[in-house]
Amino acid sequence: MAEADFKSTKDLKVPKRVIDQVIGQEEAVEVTKKAASQRRHLLLIGEPGTGKSMIGLGLAELLPREKLLDIHAFPNPNDENQTLIRTVPAGKGRDLALQARLQGMDAFRNQSVILFIVALVVSFLPYYFWRNKDISDVVFAASMITGMVFLIGFMIFLNLSRKTEVRVRAPKVIVDNFGNKQAPFLDATGAHAGALLGDVLHDPFQSGGLGTPAHDRVVAGMIHKANLGVLFIDEIATLKPSTQQELLTALQEGKFAITGQSERSAGAMVRTEPVPCTFILIAAGNMETLKYMHPALRSRIRGYGYEVQMKETMPDTPDNRLKIARFIAQEVLRDGKIPHFSRDAVMAIVEEARKRANRKGHLTLRLRELGGIVRAAGDLAKEQGAELVEAKHVKEAKKVARTLEQQLADKIIERRKEYEVIMTSGEKVGRVNGLAVLGGETGIFSGIILPIESQVSSGGKAAEIIATGKLGDIAKEAVKNVSAIIKTYFGEDIKGKYDLYVQFLQTYEGVEGDSASIAVATAVISALEGVPVRQDTAMTGSLTVRGDVLPVGGVSAKVEAAIEAGLKKVIVPRSNMNDIVIEKTKLDKIKVIAADHIVDVLKEALVWAGKESILRKIQKARETAA
């Protein structure tokens, strides 16, 4: 179906297989199909929401239908703490356990008959003697009471013995695949050691014949329940090193004995025979995961499987825009409570995918967050009784479904404007409206205005620009690069004369990147030469030591922040121009200026009236450096 053929997502066909529903990860899907056919392990590395868990589900669906097994824990007559393990075909486990219980109950059937006869004798024999006047009334009463106490005690004893005997003899089904038609899929993300590797429950009654038999306290772990299937673990590096080591042992041996894993379990007193756990491991995480992952476990996966880097974006082509439309259709069907999307609404979601890609000519593949907007728009449409979700619902949903970072950014801008920390008009020496972003971990950036001030003082003893504020390592390095530019253009003027100071105002949220480099350079040059800065202008961009302006991230969010703050101009790196994805009506409110070099920035941001000679000096220095 061509992109122009559908009127709503209702017209789009959603694939039945999960693996075919994965969007934009064609290379990962091909590797997954190989892994399924050859039973290989996978290590998926990528950002959240790119489809790692769907690939795990899809792999389980692709696995050949092998003969699944039920696993039993049996009592060991020779050593009660060494539980026996047996396997039977799937679906037979319940029958075997039921038969064992019935056999245990049959063993007491004859005893029940004897109990009935004894009850009759105890009840009627004293009565018989009393009727014949062979015993007195007092003796009769005492006999009846004694007989009743004996009868009740005997019944309690027999009942307890029967339950204990049945429980001791009957096996426990610890892995039950009754009714399963395909390979199991277990998501063990965040599971503790006991849930993952199996455990032996604590028994408060350990003596006097009241204790629970050892085999009845055995609990299978997810590695055992995933036998002949798939075990999926996201953020695998969060597992303790000892747990990762035991997981490696299970992978190597294809079986793993169950014993106590916590202080509340039976500890090492009870240990089963090795329990089958032949599974495909799909480990997932981000690049940080590799630092903390057990090297032997990663080596095992790499040696017997594949490592896959998940994509974060895909090219913005008609075919890929249609994939986004299909993703929306999938979300509608998966949710089951929201209407389908019109073509215009789909295009609005595609536009949001462009914006979140933070890369020109691409669409984001962090689809989980995009799905949040889909559901929010669907909820609004349903609330209004609309038959289809329209573009207006998507627009409203973006406001309703704002992230915490976006809400915080709005609050920061509002407070800074309220207390005049942000200036949006006039001119001022040494003060620049920089731009920064909050968030980014989820692929969603929220722009904020970052006021920067510079001051020049006499002295000339500082070796470099002194910067204050909550600066990260990269931001500090960026300030050093600005020092090189200042020395290149004004080295002889400031040597032994001035110290340069830069302050990032009220940066309680911190400054981590180097995107404020051009703002720092502009503020310092303004303070050094006494040239005013236009306060209706904001800027973002990184700098090389030679003054070239380099691209930065989150440029759309930064430009949006400038628009919302009421600024008139914004300067961005020329290479970022195509990355700006903002509605035309909103973008028309601000003039976007492209810059290749710091000189381009200075021309636009500073008021050179009466200071033209300084600008010519800087331009000449640039030509000389080139």
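Heads up: the structure comes first, above all this text.
For clarity, every value in this text was computed on a predicted model and none was experimentally measured.

**Student:** What exactly am I supposed to notice about the overall build of the protein here?
**Tutor:** A tally of regular secondary structure across the protein gives 21 helices and 26 strands. For the protein, buried positions account for 47% of its 626 residues. Surface accessibility of the protein: about 31200 Å² in total, with carbon and sulfur atoms responsible for 53%.

**Student:** What is the right way to look at the nonpolar core in this model?
**Tutor:** Nonpolar side chains in soluble globular proteins tend to end up buried together. Formed by 47 residues in total, the largest nonpolar core has its most connected members in Ile452, Ile486, Ile598 and Ile618. Counting residues per element, this core draws most heavily on helix α17 (residues 517–529), which supplies 9 residues. Ile598 has contacts with Tyr489, Ile518, Ala521, Thr522, Leu543, Gly547 and Val549, leaving out every residue within four places of it along the chain. Membership of the second largest hydrophobic core comes to 33 residues, among which are Ala345, Ala348, Leu363 and Leu367.

**Student:** Which parts of the structure should I look at to understand the pairing of strand β3 (residues 82–89)?
**Tutor:** Along any regular strand the residues' side chains alternate between the sheet's two faces. Of the strand pairs in this sheet, strand β2 (residues 69–74) and β3 are connected by 6 bridges, and their pairing is antiparallel. Bridge pairing links His72 to Arg86 in β3. Sheet analysis places β3 next to strand β10 (residues 271–272), joined by 2 bridges and oriented parallel. Directly across from Gln82, in β10, lies its bridge partner Arg271.

**Student:** Where do I start with the sheet that holds strand β4 (residues 172–175) in this structure?
**Tutor:** Strand order in the open sheet formed by 4 strands is β4-β2-β3-β10, with mixed pairing between adjacent strands. Looking at the sheet topology across the chains shown, the edges are occupied by β4 and β10.

**Student:** So what exactly am I meant to see when it comes to the pattern of salt bridges here?
**Tutor:** Two side chains with opposite charge may pair up if their charged atoms get near one another. Taken as a whole and assessed by the stated rule, the structure comprises 21 salt bridges. Here Arg17 and Asp20 are joined by a salt bridge, their closest N and O atoms 3.0 Å apart. Given the relative accessible area of 28%, Asp20 is considered partly exposed. The shortest N-O distance in the salt bridge between Lys398 and Glu352 comes to 3.5 Å. Of the two residues, Lys398 sits in helix α14 (residues 391–400) while Glu352 sits in helix α12 (residues 343–357), which places them 46 residues apart along the sequence. You can call Lys398 partly exposed: its relative accessible area is 27%. The exposure class assigned to Glu352 is buried, which follows from its relative accessible area of 6%.

**Student:** How should I be thinking about the packing of helix α11 (residues 318–335) against helix α13 (residues 367–383) in this particular structure?
**Tutor:** Helix packing geometry: the angle between the two helix axes and the distance between the axes. It is the contact of α11 with α13, at a shortest axis distance of 10 Å, that shows an interaxial angle of 65°. As for the relative orientation of α11 and α13, their crossing is right-handed in sense. Residue-level contacts link Ile324, Phe327, Ile328, Glu331 and Asp335 of α11 to Leu367, Leu370, Gly371, Val374 and Arg375 of α13. When the residues that make up the contact of α11 with α13 are grouped by side-chain class, the tally is 6 nonpolar, 1 polar and 3 charged.

**Student:** How do you make sense of the side chain of Arg431 when you look at a structure like this?
**Tutor:** Note on placement: Arg431 falls in strand β17 (residues 431–439). Residue Arg431 is classed as buried on the basis of its relative accessible area of 5%. Polar contacts involving the side chain of Arg431 include one to the side chain of Glu453, which spans 2.6 Å.

**Student:** Would you explain the packing of aromatic side chains in this entry?
**Tutor:** All told, the structure shown has 1 aromatic pair when counted by the stated rule. Seen from the ring of Phe6, Arg343 lies directly overhead, with NZ or CZ sitting 5.5 Å from the centre.

**Student:** Any chance you could explain α11 here in plain terms?
**Tutor:** Since one α-helical turn is 3.6 residues long, residues separated by three or four positions face the same way. Here α11 spans 26 Å end to end across 18 residues, near enough to the 26 Å set by a 1.5 Å rise per residue. Among all positions in α11, only Asn320, Arg321, Leu322, Ile324, Ala325, Arg326, Phe327, Ile328, Ala329, Gln330, Glu331 and Val332 are buried. Downstream of α11 by a residue or two, Gly336 has a phi angle that is positive, lying close to 75°.

**Student:** Would you take a moment to explain the sheet that holds strand β12 (residues 280–285) for this structure?
**Tutor:** By definition, the strands of a sheet pair up through backbone hydrogen bonds, in either a parallel or an antiparallel sense. Taken in spatial order, the 5 strands line up as β5-β8-β12-β1-β13 in an open sheet, and their pairing is parallel. Looking at which strands have only one partner, the edges of the open sheet turn out to be β5 (185–187) and β13 (305–309). Direction aside, neighbouring strands of the sheet carry axes that sit 15° apart on average. Direction of pairing for strand β1 (residues 41–45) relative to β13: parallel, over a ladder of 5 bridges. Bridge pairing in β13 places Leu43 opposite Glu307. Against the sheet, helix α2 (residues 52–62) contacts β1, β5, β8 (230–233) and β12, and its axis sits at roughly 175° relative to β8.

**Student:** Explanation requested: α17 in the structure shown.
**Tutor:** Taking 1.5 Å of rise per residue, the 13 residues of α17 would be expected to cover 18 Å, and the 18 Å separating its terminal C-alpha atoms lies within 8% of that figure. For α17, a buried count of 13 out of 13 residues is recorded, marking the element as mostly surrounded by other parts of the structure. Just downstream of α17 lies Gly530, where phi reads positive at about 70°.

**Student:** Can you help me understand the environment of Gln25 in this one?
**Tutor:** Mapped onto the elements of the fold, Gln25 is located in the segment before α1 (26–38). A polar contact is formed between the side chain of Gln25 and the backbone oxygen of Lys311, at a distance of 2.8 Å.

**Student:** Help me out: how do you make sense of the environment of Ala436 in this one?
**Tutor:** Note on placement: Ala436 falls in strand β17. For the pair Ala436 and Ile449, spaced 13 residues apart in the sequence, the C-alpha separation amounts to 6.4 Å. Residue contacts for Ala436: discarding those within four places in its chain leaves Ser446, Gly447, Ile448, Leu450 and Lys558.

**Student:** Got a minute to help me understand the environment of Leu543 in this structure?
**Tutor:** Tracing the backbone through its elements, the reader meets Leu543 in strand β23 (residues 542–543). In contact with Leu543, other than residues within four places in its own chain, are Asn481, Val482, Ile485, Ser517, Ile518, Ala521, Asp548, Val549 and Ile598.

**Student:** It is not clear to me how the packing of α1 against α2 should be interpreted in this structure. Could you clarify?
**Tutor:** With their axes 9 Å apart at the nearest point, α1 and α2 run at an angle of 35° to one another. Like other packed secondary-structure pairs, α1 and α2 cross with a definite hand, here right-handed. Across the interface between the two elements, Ala28, Thr32, Lys33, Ala35 and Ala36 from α1 touch Ile55, Leu59 and Leu62 from α2. Considered class by class, the residues forming the contact of α1 with α2 number 6 nonpolar, 1 polar and 1 charged.

**Student:** Whenever I open this one, the side chain of Glu331 confuses me. Can you help?
**Tutor:** Inspection of the secondary structure assignment puts Glu331 in helix α11. Within the structure, the side chain of Glu331 is placed 2.5 Å from the side chain of Arg334, a separation counted as a polar contact.

Definitions and cut-offs
Residues numbered from 1 in each chain as written. Predicted model: local features only at pLDDT ≥ 70, side-chain atom pairs only at ≥ 80, totals over all residues. Heavy atoms only, no water. Helix = DSSP H or I, 4+ residues; strand = E, 2+ residues; numbered from the N terminus. Buried < 20%, exposed > 50% of the residue type's maximum accessible area, 1.4 Å probe, protein only. Areas by Shrake-Rupley, 256 points an atom, 1.4 Å probe, with all protein chains shown as cover. Core = buried A, V, L, I, M, F, W, Y, C linked by side-chain atoms within 4.5 Å. Contact = heavy atoms within 4.5 Å. Pairing = 2+ DSSP bridges. Salt bridge = Lys/Arg side-chain N within 4 Å of Asp/Glu carboxyl O. Axes fitted to C-alpha atoms, helices over the stretch in contact; angles between N-to-C directions. Left-handed = near helix turned anticlockwise from the far one by under 90°. Nonpolar A, V, L, I, M, F, W, Y, C, P; charged D, E, K, R; others polar. Polar contact = N/O pair within 3.5 Å; in protein donor to acceptor, adjacent residues only side chain to side chain. Phe/Tyr/Trp six-rings, centres within 6.5 Å; stacked < 30°, edge-to-face > 60°. Lys NZ or Arg CZ within 6 Å of the ring centre and 35° of its normal. Expected span 1.5 Å × (residues − 1).

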